[in-house]
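Working through the structure, step by step
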Amino acid sequence: MSADVILYHGCLLLGSPGDAVAVRCGRIHAVGKSEEILRLRGPETQLIDLEGRPLLPGFFDAHTHFLKTGLDRTFYVDLSQASSLPEALDMLAQAARARPGEWVVARGWDESTWPERRYLERRDLDRAVPKAPACAVRVDGHLVVANTLALARCGRPEGEHVDRARGHLWEEAAEALLDCAKPDQEMLVEAAAAASRYAASLGITAVADMGGPDVLSAFQLAEDRGLLTTRVFLYLPVEELDHLLGLGVRRGFGTEFVRVQGVKAFVDGSIGARSAAVSLPYADGGGQGQLLLSRDELSHILRRADGAGLQVAIHAIGDLAIEEAISACELAGVGPEGRHRIEHLELPTEEQLDRMARLGLVASMQPNFVARWSGPGKMYEARLGKARDEVIDPHAWVVDRGIPLAFGSDGMPMGPLYGLPGATDPPHAVQRLPLEEALQAYTWGGAYATCAEGEIGGISPGRRADLVVLSADPRNVPWDRVRVYMTFLEGKLIYKET
Ligand SMILES: [Zn+2]
């Protein structure tokens, strides 16, 4: 039986013997030396000479907000790059022209970077978008400015959080307005398709999505229409647990490309917002953050989900939150077969990691956070002080204990090649992993974390031929010179660098 596709003269970075792969019916058929594998060719076989480029399993982003990534590329107008107030208004006017009569929803404006140094107001938006409802969220997410039509569509909001004259809304009033401006189903499907195309360009063939319940039908419709080239593993908000239990949904339920894995629960907030729960106060503002769930509440959730075959992805960043998360798992008596996950796991102690290893919990971490915010003079050091910055995101402690490690981006931004230097060339020793371990966490790790490691996440016969080819070998050149060259899903080319 001949192969459908043969990739040869490559370089397999993750320990597979050989330099070539044969694909048949969407799966890896054989792995070995080019001369052996080329013998599997037939008249129809597509031959791809990799010219020494590295070949890896497709990247798996183990923690993203995938639909939001798509909406950022389709629906939302990004004002973060506007360098003045008129430029921001131009961008709004342009978006209104592109989709006449439809809501214009913009985000990321920051008047502190503009020469005008003043907030956007209703009159500005009325001028830029006179014939459609429009609103724009300030960069901090707390202030929304709306035009006259948007206020009218939203029932002319009033109250203490509304300044109608300026068109400013805060808190619940802002949320209510954004609710009116929510993208419709078609827009969500378009966003899912856009997210998928973007993922392919980043070498990503699978994601774990931490989205709301509205994502399910958007991804399914995109799959039905052949627009989804990313495997999407869903963790729904914990508020959906009763529904899932009522229906008897177990992890892995869904279609080839869209599967429900379980639920996501928050134990704390974030370091940036000083809301991650930490045992020592923040260095630049005091306070210890906030616990959003107690160990008893969480263990109750874990027991119910675990008993029904659903995973729980537990968002826990500060050491206090991690303590609650691990204690809850101990109380609930879960084991490795439950494959529950701790998301972010930024400030664990070594003792906590020892317990995590015993429980068989999965560590879902984001090396891009290290790349962006850890090190001298950066945000983590400012918030937490030098001593804690030096042990934040300790990938090495995790791997040394044999805790399964899955890398993701949390969408800040998506892109393994951006994030990986946060593990291979980090500012602090405990963050550093050998290249192979880091790549493993961004491929096999996500597959393991979603119970799909038998199917994807490696290059071996029988697994799906989801593959990525890099432009250069990261062992020999710095990361900023490595790009995604080709991405394959089930042996079909879904991206090629141009
Ligand atoms: Zn997240």
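What counts, and at which threshold
Residues numbered from 1 in each chain as written. Predicted model: local features only at pLDDT ≥ 70, side-chain atom pairs only at ≥ 80, totals over all residues. Helix = DSSP H or I, 4+ residues; strand = E, 2+ residues; numbered from the N terminus. Buried ≥ 20, exposed ≤ 12 C-beta atoms within 10 Å, placed from the backbone. Contact = placed C-beta atoms within 7 Å. Pairing = 2+ DSSP bridges. Domains from an automatic or database assignment. Axes fitted to C-alpha atoms, helices over the stretch in contact; angles between N-to-C directions. Parallel < 35°, antiparallel > 145°, perpendicular 65-115°, else oblique. Nonpolar A, V, L, I, M, F, W, Y, C, P; charged D, E, K, R; others polar. Core = buried A, V, L, I, M, F, W, Y, C linked by C-beta atoms within 7 Å. Left-handed = near helix turned anticlockwise from the far one by under 90°. Right-handed = clockwise from strand over helix to strand, strands pointing away.

We now examine the overall build of the protein. Scanning the protein from terminus to terminus reveals 20 helices and 24 strands. Split into buried and exposed, the 498 residues of the protein put 52% on the buried side. Here the contacts in the protein between residues at least 6 apart in sequence split such that 71% fall between residues at least 24 apart.

Spatial strand order, β2-β6-β22-β23-β24: five strands in an open sheet with mixed pairing. Two strands lie at the open edges of the sheet, namely β2 (11-12) and β24 (492-496), each paired on one side alone. Two elements, strand β23 (residues 484-489) and β24, share four bridges in a ladder whose sense is antiparallel. Within the sheet, the bridge partner assigned to T487 lies in β24 and is Y495.

Moving on to the domain arrangement of the protein. Many authors give the size of an interface as the accessible area that is lost as the parts come together. Here the protein is described as being made up of domain 1 (5-58 + 475-496), domain 2 (76-180) and domain 3 (185-456). Each of domain 2 and domain 3 was reduced to a C-alpha centroid, and the two centroids are 32 Å apart.

Time to look at the packing of helix α2 (residues 66-74) against helix α7 (residues 185-201). Contact geometry for α2 and α7: axes closest at 7 Å, N-to-C directions at 100°. Comparing the axis directions of α2 and α7 gives the class roughly perpendicular. For the pair α2 and α7, the contacting residues are F66, L67, T69, G70, L71, R73 and T74 in the first and L188, E190, A191, A192, A194, A195 and Y198 in the second. Of the residues that constitute the contact of α2 with α7, the class distribution is nine nonpolar, three polar and two charged.

Further remarks concern the nonpolar core. Nonpolar side chains in soluble globular proteins tend to be buried together. L92, A192 and A325 are the most contacted members of the largest nonpolar core, which totals 163 residues. By residue number, the principal contributor to this core is α7, which donates ten residues. With near-sequence residues (within four places) excluded, A192 lies in contact with L67, G70, A218, F219, A222, L227 and L228.

Right, let's get into the sheet that holds strand β4 (residues 27-32). The sheet built from four strands is open, its strands ordered β4-β3-β1-β5 with mixed pairing. If you trace the sheet from one side to the other, it starts and ends with β4 and β5 (46-49), each paired once. With direction set aside, neighbouring strand axes in the sheet form an average angle of 15°. Note: strand β3 (residues 20-24) against β4, five bridges, orientation antiparallel. Within β4, the position partnered with V21 by the bridge is V31.

Here the focus is the packing of helix α10 (residues 295-307) against helix α11 (residues 319-332). In the contact formed by α10 and α11, the axes pass within 8 Å of each other and the chain directions differ by 50°. Considering their axes alone, α10 and α11 lie oblique with respect to each other. Like other packed secondary-structure pairs, α10 and α11 cross with a definite hand, here right-handed. Seen from α10, the contacting residues are R295, L298, S299, L302, R303 and D306; seen from α11, they are E324, A325, S327, A328, C329, L331 and A332. Here the contact of α10 with α11 is built from residues that sort into seven nonpolar, two polar and four charged.

Turning our eyes to something else, we now look at unusual backbone geometry. With an omega of -15°, the peptide bond between M412 and P413 qualifies as cis. For E51, which is not glycine, the phi dihedral falls at a positive 50°. With respect to the helices, strands and loops of the structure, E51 is situated in the loop between β5 and β6 (54-57). Here E51 falls in the exposed class, since 11 other C-beta atoms lie within 10 Å of it.

Turning to the environment of G419, a few remarks are in order. Its location among the elements puts G419 in helix α17 (residues 416-419). For G419, a count of 29 C-beta atoms within 10 Å puts it in the buried group. For the pair G419 and F266, spaced 153 residues apart in sequence, the C-alpha to C-alpha distance is 23 Å. Once residues within four sequence positions are removed from consideration, G419 is found in contact with Q366, P367, N368, A371, F407 and S409.

This paragraph deals with the pairing of strand β20 (residues 362-365). A two-sided burial pattern is seen for β20, the buried positions comprising V362 and S364 on one face and A363 and M365 on the other. Sheet analysis places strand β19 (residues 341-344) next to β20, joined by three bridges and oriented parallel. Looking across to β20, one finds that E343 is bridged to S364. On the question of chirality, the crossover connecting β19 to the parallel β20 by way of helix α12 (residues 350-359) is right-handed. Sheet topology note: the β20/strand β21 (residues 405-407) ladder contains three bridges and is parallel. Its bridge partner lying in β21, S364 is registered against A406.

Next up on the list: the pairing of strand β22 (residues 467-470). Covered by surrounding structure in β22 are L467 and V469 together with V468 and L470, the residues of both alternating faces. Two elements, β6 and β22, share three bridges in a ladder whose sense is antiparallel. By the bridge assignment, L55 is partnered in β22 with V469. As judged from the four bridges shared by β22 and β23, these two strands associate in the antiparallel manner. Bridging from a neighbouring strand, L470 pairs with V484 of β23.

Our focus in this paragraph is the environment of D473. With respect to the helices, strands and loops of the structure, D473 is situated in the loop between β22 and β23. D473 sits 123 residues away from E350 along the chain, and the two C-alpha atoms are 33 Å apart. Among residues more than four places away in sequence, those in contact with D473 are C11 and P54.

Listed as buried for α2 are F66, L67, T69, G70, L71 and D72. Contact partners of the buried residues in α2: β7 (59-64), β8 (76-78), α7, β14 (204-209), α8 (215-224) and β15 (231-237).

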